[in-house]
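# Notes for the structure review
Okay, here's what each chain looks like letter by letter:
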Amino acid sequence: MLKIDAYIEEKKELLDRELKRLLPIQEIPQKKLFEAANYALHPGGKRLRPILFLATVDTFDENSSDFLDIACSLELIHTYSLIHDDLPCMDNDDFRRNKPSLHKAFSEADALLTGDFLLTFAFQVISESSFIKDDQKVKLINALTKYSGALGLIGGQHLDLLYENEDLNFDLLKEIHIKKTSSLFMAALEAAAIVVNSTHDEREALINFGEKLGLSFQIIDDILDADETKKVSILTFLTPNKAKELAKNLYDEAILHLASLPYPPPLLKDLAFKLIKKN
Ligand code: GRG
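Only a predicted model underlies this, so the values are computations on that prediction, with no experimental measurement involved. (Residues numbered from 1 in each chain as written. Predicted model: local features only at pLDDT ≥ 70, side-chain atom pairs only at ≥ 80, totals over all residues. Heavy atoms only, no water.)

## Brief notes about the environment of threonine 79
Structurally, threonine 79 is set in helix α4 (residues 68-86). Overall, threonine 79 belongs to the buried group, its relative accessible area being 2%. Sequence-wise, threonine 79 and leucine 41 are 38 residues apart; in three dimensions their C-alpha atoms are separated by 6.9 Å. Non-local contacts of threonine 79, meaning those with residues more than four positions away in its chain, are made with Ala40, Leu41 and Leu118. Of the polar contacts made by the side chain of threonine 79, one reaches the backbone oxygen of glutamate 75; its length is 2.6 Å. (Helix = DSSP H or I, 4+ residues; strand = E, 2+ residues; numbered from the N terminus. Buried < 20%, exposed > 50% of the residue type's maximum accessible area, 1.4 Å probe, protein only. Contact = heavy atoms within 4.5 Å. Polar contact = N/O pair within 3.5 Å; in protein donor to acceptor, adjacent residues only side chain to side chain.)

Have a look at this one:
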């Protein structure tokens, strides 16, 4: 097994365990909310955002196992966004990860509430974390709310719905991709910068890496979804080959941002390569 595959497997297991620890099914009247949360979280997807966070922490030679709860907060926000995205009032998807989406397995109201629960719980987890100082908690909450909010994920989703049946130009599509996909990549990288107490320049390099990597990831995703999607995508504007070239250029630009880090970044490079290649 490649070193990076073993790394991903190991972190996935740790994350699964930590998510189960954070969200035990409890014998309380609102037990169903915990069951729904666990249904949405397990089995998980690729766990990209928390793994990106952990790999960045490891790159700075800090012990990433101390920050598994912070890593999970990223997955909680990501999962909330998928649950809400699947709702009939949004993308209206009956399936997610080869099983009925949450509003199909439970009810629409429970899916809405479970999404709300996971989003708010992410910030509870950060505020209760044991290995970081109070000022880091405030910075983390600030960063994650910024990337999740109207200028980030929620803004991207709003624009996506707004332009569903409208003329969407290339620049606006890029803007939506940055908000919907890059936002949580950037959140993972900025969160890592905060817990390792990086310098301002290191943090900027990491955020720029995340933005470009997210865009590259989304373009590859669009190419692979070409047959499924009826929506405007990169393939509305570019041939598959040109789109692949753009994804490759963005990936190269992303990697360039890692050059200024104080520690060698092979782990992040391998992870980025894996992410783009696999997708
Ligand atoms: C409802 C506020 C709100 C936002 C929804 C998640 C989302 C935004 C839309 C879903 C459609 C989409 C293509 C989003 C871009 C982000 C993305 C690539 C999500 C899928 O992420 P993966 O591939 O999923 O990491 P897994 O299943 O591996 O967790």
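Alright, that's what it looks like, and here's the rest.
## Concerning the pattern of salt bridges
Under the definition given, this model contains 19 salt bridges. Two residues, lysine 11 and glutamate 10, come together in a salt bridge whose shortest N-O distance is 3.5 Å. The exposure class of lysine 11 is buried, given its relative accessible area of 6%. Under the relative-accessibility criterion, glutamate 10 is labelled partly exposed at 42%. Connected through shared salt-bridge partners, Glu10, Lys11 and Asp58 make up one network. (Salt bridge = Lys/Arg side-chain N within 4 Å of Asp/Glu carboxyl O.)

## Remarks on the side chain of serine 73
Here serine 73 shows up in helix α4. At 2.6 Å, the side chain of serine 73 forms a polar contact with the backbone oxygen of isoleucine 70. The residues contacting serine 73, other than those within four sequence positions of it, are Ala122, Ile126 and Leu144.

## Let's talk about the environment of proline 24
Mapped onto the elements, proline 24 comes out in the loop between α1 (3-22) and α2 (31-41). Distance in space between the C-alpha atoms of proline 24 and asparagine 38 is 8.4 Å, their sequence separation being 14 residues.

## Overview of the packing of α1 against helix α3 (residues 48-59)
Running from N to C, α1 and α3 cross one another at 115°; their axes reach a closest spacing of 10 Å. Our classification of the angle between α1 and α3 gives roughly perpendicular. Taken as a pair, α1 and α3 cross one another with a handedness that is right-handed. Only Pro50, Ile51, Leu54, Ala55 and Asp58 of α3 make contact with α1, whose side of the interface consists of Tyr7, Ile8, Lys11, Lys12 and Leu15. (Axes fitted to C-alpha atoms, helices over the stretch in contact; angles between N-to-C directions. Parallel < 35°, antiparallel > 145°, perpendicular 65-115°, else oblique. Left-handed = near helix turned anticlockwise from the far one by under 90°.)

## Topic: the packing of α4 against helix α9 (residues 170-195)
Two elements in contact, α4 and α9, have axes separated by 10 Å at closest approach and are oriented at 170°. The angle between α4 and α9 falls in the class roughly antiparallel. At the point where α4 passes α9, the crossing takes the right-handed sense. On α9, the residues that touch Leu74, Ile77 and His78 of α4 are Leu184, Ala187 and Ala188. Taken together, the residues of the contact of α4 with α9 sort by class into 5 nonpolar, 1 polar and no charged. (Nonpolar A, V, L, I, M, F, W, Y, C, P; charged D, E, K, R; others polar.)

## Remarks on unusual backbone geometry
The residue after histidine 42, namely proline 43, is reached through a cis peptide bond having omega -10°. Within the fold, proline 43 resides in the loop between α2 and α3. One non-glycine residue, arginine 47, lies in the positive phi region at around 55°. Looking at where arginine 47 falls in the secondary structure, it is placed in the loop between α2 and α3. Taking relative accessible area as the criterion, arginine 47 reaches 2% and is therefore assigned buried. Even without a glycine there, the phi angle at asparagine 197 is positive, about 55°.

## Notes on the environment of serine 65
Note that serine 65 resides in the loop between α3 and α4. With 185 residues separating them in the primary sequence, serine 65 and leucine 250 have C-alpha atoms 30 Å apart.

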